[in-house]
Amino acid sequence: MFLIIIFAPRSQVQILKKSFSNKRNISRVLILTLFCSVLLIYSCNPTKYVPEGETLLNGNHIEINDEGVKKVNLIPYIKQKPNKKIFGARFYLGLYNLSNINKDKWPHSWLRNIGEEPVVFDLSSADKSREELQSYVASKGFFDSSVTDSTHTAKRKTDVFYNVNLKKPYTIHNIYYNIADTSIKKLFFFDSVNCMIERGKPYDEDILQAERSRFERYIKDRGFYGFSGDYIKFRIDSTIDKRQVNIYYEVGESTIVDQYNRISYVPHSIYRIKNIFIYPDYIPKEALEGGEAYLSSLDTVNYKGYYFVSPREKPQLKYDLILQSFYLKPGLIYNVTNTEQTQNHFLSLKSYRLVNIFFDETSPPEDYSGTEKFLNCQVQLTLLSQQSFNVEVEGTNSAGNLGGALNLVYQHKNLFHGAEQFDMKLKGAFEAVTQASTKLQSTQEYGFETSLRFPKFLGPFLKKEAFVRNYNPTTTILAAYNYQNMPFYTRTIVNATFGYTWSAHNYQTHIVNPLQMNIVKLLSIDTAFQRRIENSSYLAYSYKDVMILGANYSLIYNNQKIQKSRDYWFLRFNAEASGNLLSLASSLAGLKKSAEDAYNILGQPFAQYFRTDIDVRYNVIINDVSSAVYRGFVGIGIPYGNSKAIPFEKQYFGGGANGIRAWQVRSLGPGSYSSGEKGFVNQTADIKLEGNAEYRFKLFWILEGALFLDAGNIWTFNSDPSRPGAQFKFTSFLDDIAVGTGTGLRFDFKFVIGRVDLGMKLRDPALSGTSKWIFLSEPYNRNDFAIVLGIGYPF
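Remember, it's a predicted structure, so these values are computed and weren't measured experimentally. (Residues numbered from 1 in each chain as written. Predicted model: local features only at pLDDT ≥ 70, side-chain atom pairs only at ≥ 80, totals over all residues. Heavy atoms only, no water.)

As for the overall build of the chain
Next up, step 1: Scanning the chain for helices and strands turns up 18 helices and 31 strands.
Next up, step 2: Evaluated residue by residue, the chain yields a buried proportion of 45% over its 795 residues.
Next up, step 3: In the chain, the proportion of contacts linking residues at least 24 apart, taken out of those at least 6 apart, comes to 64%.
Next up, step 4: When the accessible surface of the chain is split by element, carbon and sulfur atoms take 55% of a total near 41,400 Å². (Helix = DSSP H or I, 4+ residues; strand = E, 2+ residues; numbered from the N terminus. Buried < 20%, exposed > 50% of the residue type's maximum accessible area, 1.4 Å probe, protein only. Contact = heavy atoms within 4.5 Å. Areas by Shrake-Rupley, 256 points an atom, 1.4 Å probe, with all protein chains shown as cover.)

Comments concerning helix 13 (residues 336-348)
Next up, step 1: For helix 13, spanning 13 residues, the distance from its first C-alpha to its last is 19 Å, which sits close to the expected 18 Å at 1.5 Å a residue.
Next up, step 2: For helix 13, the set of buried residues is Val336, Thr339, Thr342, His345 and Phe346.
Next up, step 3: Phi turns positive one or two residues past the end of helix 13, at Lys350, with a value near 60 degrees. (Expected span 1.5 Å × (residues − 1).)

Re the environment of Ile333
Next up, step 1: Within the secondary structure layout, Ile333 lies in the loop between helix 12 (319-324) and helix 13.
Next up, step 2: On a C-alpha basis, the gap between Ile333 and Gly223 in space is 4.8 Å, while along the polypeptide they are 110 residues apart.
Next up, step 3: Every residue in contact with Ile333, bar those within four places of it in the chain, is listed here: Asp221, Arg222, Gly223, Ile270, Tyr271 and Arg272.

Digging into the sheet that holds strand 6 (residues 244-251)
Strand pairing in a sheet relies on backbone hydrogen bonds. The paired strands run either parallel or antiparallel.
Next up, step 1: Pairing is mixed in the open sheet, where 3 strands are placed in the order 4-6-5. Both outer strands of the open sheet, strand 4 (171-179) and strand 5 (232-237), are each paired with one neighbouring strand and no more. Shown here is a sheet whose adjacent strand axes are inclined to one another by a mean of 20 degrees, direction ignored.
Next up, step 2: Of the pairings in the sheet, the one linking strand 5 to strand 6 comprises 6 bridges and is antiparallel in character. By the bridge assignment, Ile232 is partnered in strand 6 with Val251.
Next up, step 3: Against the sheet, helix 8 (residues 182-190) engages strand 4 and strand 6, with an angle of about 145 degrees to strand 4. (Pairing = 2+ DSSP bridges. Axes fitted to C-alpha atoms, helices over the stretch in contact; angles between N-to-C directions.)

Some words on the nonpolar core
Nonpolar side chains in soluble globular proteins generally cluster together in the buried interior.
Next up, step 1: Ranked by size, the top nonpolar core spans 27 residues in total, and within it Ile276, Ile278, Ile322, Phe326 and Tyr352 carry the most contacts.
Next up, step 2: Looking at which element gives the most residues to this core, the answer is strand 13 (residues 373-383), with 5 residues.
Next up, step 3: Excluding residues that lie within four positions of it along the chain, Ile322 makes contacts with Ile278, Pro280, Phe308, Leu317, Phe346, Tyr352 and Leu381.
Next up, step 4: Residues Ile179, Leu208, Phe215 and Tyr249 belong to the second largest nonpolar core, which totals 22 residues. (Core = buried A, V, L, I, M, F, W, Y, C linked by side-chain atoms within 4.5 Å.)

Here we look at the packing of aromatic side chains
Next up, step 1: Per the counting criterion, the structure on display carries 52 aromatic pairs.
Next up, step 2: Geometrically, the ring pair formed by Phe498 and Tyr500 is edge-to-face, given 5.4 Å between the ring centres and 85 degrees between the ring planes.
Next up, step 3: You can call Phe498 partly exposed: its relative accessible area is 24%.
Next up, step 4: Accessibility expressed as a relative area gives 9% for Tyr500, which makes it buried.
Next up, step 5: Of the aromatic side chains, those joined through ring pairs into one cluster are Tyr177, Phe188, Phe189, Phe215, Tyr218, Phe234 and Tyr249.
Next up, step 6: The residue whose ring lies beneath Lys688 is Phe633, and the NZ or CZ to ring-centre distance is 5.4 Å.
Next up, step 7: One residue, Lys688, lies across the ring of Phe653, its end atom 5.6 Å from the ring centre. (Phe/Tyr/Trp six-rings, centres within 6.5 Å; stacked < 30°, edge-to-face > 60°. Lys NZ or Arg CZ within 6 Å of the ring centre and 35° of its normal.)

Observations concerning the confidence of the model for the chain
Next up, step 1: On average, residues of the chain score 85 in pLDDT, and 89% of them reach the 70 mark or higher.
Next up, step 2: Note that pLDDT drops below 50 for residues 1-27; the model gives that stretch 32 contacts with residues more than four away or on any other chain. (pLDDT = per-residue confidence, 0-100.)

Quick look at the side chain of Ser325
Next up, step 1: Residue placement: Ser325 occurs in the loop between helix 12 and helix 13.
Next up, step 2: Residue class for Ser325 comes out buried when judged on its relative accessible area of 0%.
Next up, step 3: A polar atom in the side chain of Ser325 sits 3.1 Å from the side chain of His345.
Next up, step 4: Here Ser325 is in contact with Thr342, His345, Phe346 and Leu349, once residues within four sequence places are set aside. (Polar contact = N/O pair within 3.5 Å; in protein donor to acceptor, adjacent residues only side chain to side chain.)

Notes on a nonpolar patch on the surface
Next up, step 1: Residues Phe389, Val391, Val393, Leu406, Leu408, Leu426, Phe448, Tyr481 and Val494 make up a contiguous nonpolar surface patch of roughly 830 Å² in combined accessible area.
Next up, step 2: Considering every element that reaches the nonpolar patch, the biggest residue donor is strand 14 (residues 387-398), with 3 residues.
Next up, step 3: Within the secondary structure, Leu406 sits in strand 15 (residues 401-412). (Patch = residues over 30% accessible without salt bridge, like charges linked within 9 Å, V, L, I, M, F, W, Y side chains within 5 Å. Salt bridge = Lys/Arg side-chain N within 4 Å of Asp/Glu carboxyl O.)

Some points on the pairing of strand 26 (residues 626-639)
Next up, step 1: Bridge count for strand 25 (residues 609-623) against strand 26 is 14 bridges, and the pairing is antiparallel. Bridge pairing in strand 26 links Tyr609 to Pro639.
Next up, step 2: Hairpin connection of strand 25 to strand 26: 2 residues between the antiparallel strands.
Next up, step 3: Relative to strand 27 (residues 687-698), strand 26 runs antiparallel, the two being bridged by 11 bridges. The residue bridging Val629 from the neighbouring strand is Glu694, located in strand 27.

And the structure:
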């Protein structure tokens, strides 16, 4: 898009400026300039800057005659990769070719910098790739299989074809063990059930390497501090019949080199921890500059068998809290897993900047006569700054409504010297509200929020050290007050929460809030707005004073690893219930219901409902410049007892920057209901189904592109006569599904990602004709398109 503007004459730039001043033409200009830019880039001759006599690498093709090896596992072994493609064309090569290679001034140098120079076919790289592929298939047991390569060149473009001819893989016939050290031999056979090498399975070097790592950790967890994987060797005998191999599993003894460089072999030693020295306030800079003088200025205190080495003043963190994080104890044998867990637990306290743990070999106790050796453990803990005050200016994005906020934040990371984290925030926010049938309006929000997080469970249960060490539990107490000035009403919200969080294995996080209270007080409401919502008992009930007192539970699963670029899943499950205890107490106390057939507590009704939803996302990494993301969302809220509708804050809505982007926020549904252009455009409901698919790709500079497809809707649980077609019915809900598609741009500023999405309706459940697919029933108009702005990715 920017290339057209850069190279256009001044008169054309003025035309573009005038076009952008008219909101109706924004989508047309966006589509036209994007299309022209892509057309210009893709029309460039890809071999423009390929040297004479050379050819462009057009592609690598792998053919496998058997399913024993997956093609995706072979691709990393190909040394030379062709230029990256988007939608089947070399977009980055096109950018490079737009430049004049003989000119260094802008924009030519810039185009070459953001583009990608042509990948010239290299025969030696193809030969190395063939050798690497041959080595890989042999490592999977296909010893006598072959890999051949061939090339095809046309129009100065070369394709390389790798033909992998697999034969039947060699399998493991028998495993012979040669373990010289009797102590390690006993441990091995005690743990042999966990050995990853199995008779009858195909030979696989990756399995051998995994077994080496597994057994090394197993041995080091049993006190063998000096043991390493270098002592584990595998010898392979493939000379036996029937395409089988014998594996010789060997574990060598420890080597000792004397003063005359003579090598001798001795059994591996077991190491036991003699003393643990903890430096709770270690300052690396002072230690480097002061040396021995710094260490001599520290006091050593023995507390519960641990030596604390710290300055003479009172330590920042309580000794008991520090010991709570320890998996290591004096007198126990060395254990590498416990060492790693100790380090991770200290870092999870969010009070330490650096955690270093190392061991020194030391002399045994005076009265010891055994063969074990001893270690001193040194633990250096470097604290973070304990208090901070920040002024934050942030952009906000509430379902596509953009705005800004100014926050004054105070934080204390060690309030009671037990790694308690105290946060207090004063907030002022402004947000623009965009709706299809109203002019641009705004909301203002002011309030404060304070929270206190304890690195343990507060309560009479689960206080055992084993639980704390394994699950890293925290307790959070939160209180907040917000004043909201909305376009049609003004209200205050008071919130108080008491809850627990703990991490489980396998990428899981659990959040339980046994006490969550919200008190919503409506201060004023626009008269015209009130008349509109009174036509619907559902909407009228949603805009009343209400107390929410209940509990909720959340499960989060996320197996994304930042260090590794791979496909990953994200799942969040929520469940909450409110009002049941208050309803029971009101009934037992014999309270009378109000004229609205509801119990009142402190002069206002309380909400009674059950709500649950699940959000599942799957991210597929296609290559280093493109990915695909799939998302599904299902949610339902059921009001009962003291409520005719779930509270407005808990209701679902459709459309907007994080939903079905062809509809403006809260303008979709519920069901097949249509409010019309002059009707109420803040539609909410009790049930939500939504599915999204998005293809993301990097363009150039800070620009990224996306294509997306969204589908779904919202529905009410109970019948709402004022909104016909809004209720969810199993027999007809599929006919209420809205479908939208579109394209978007993302602006990666590193610290924040800005987003512009252009959505187009494909299927509108509010249409009353023979077909709800717009392109089959009526011409498109401007109401069938939506431009939504957002901050961050939509999901």
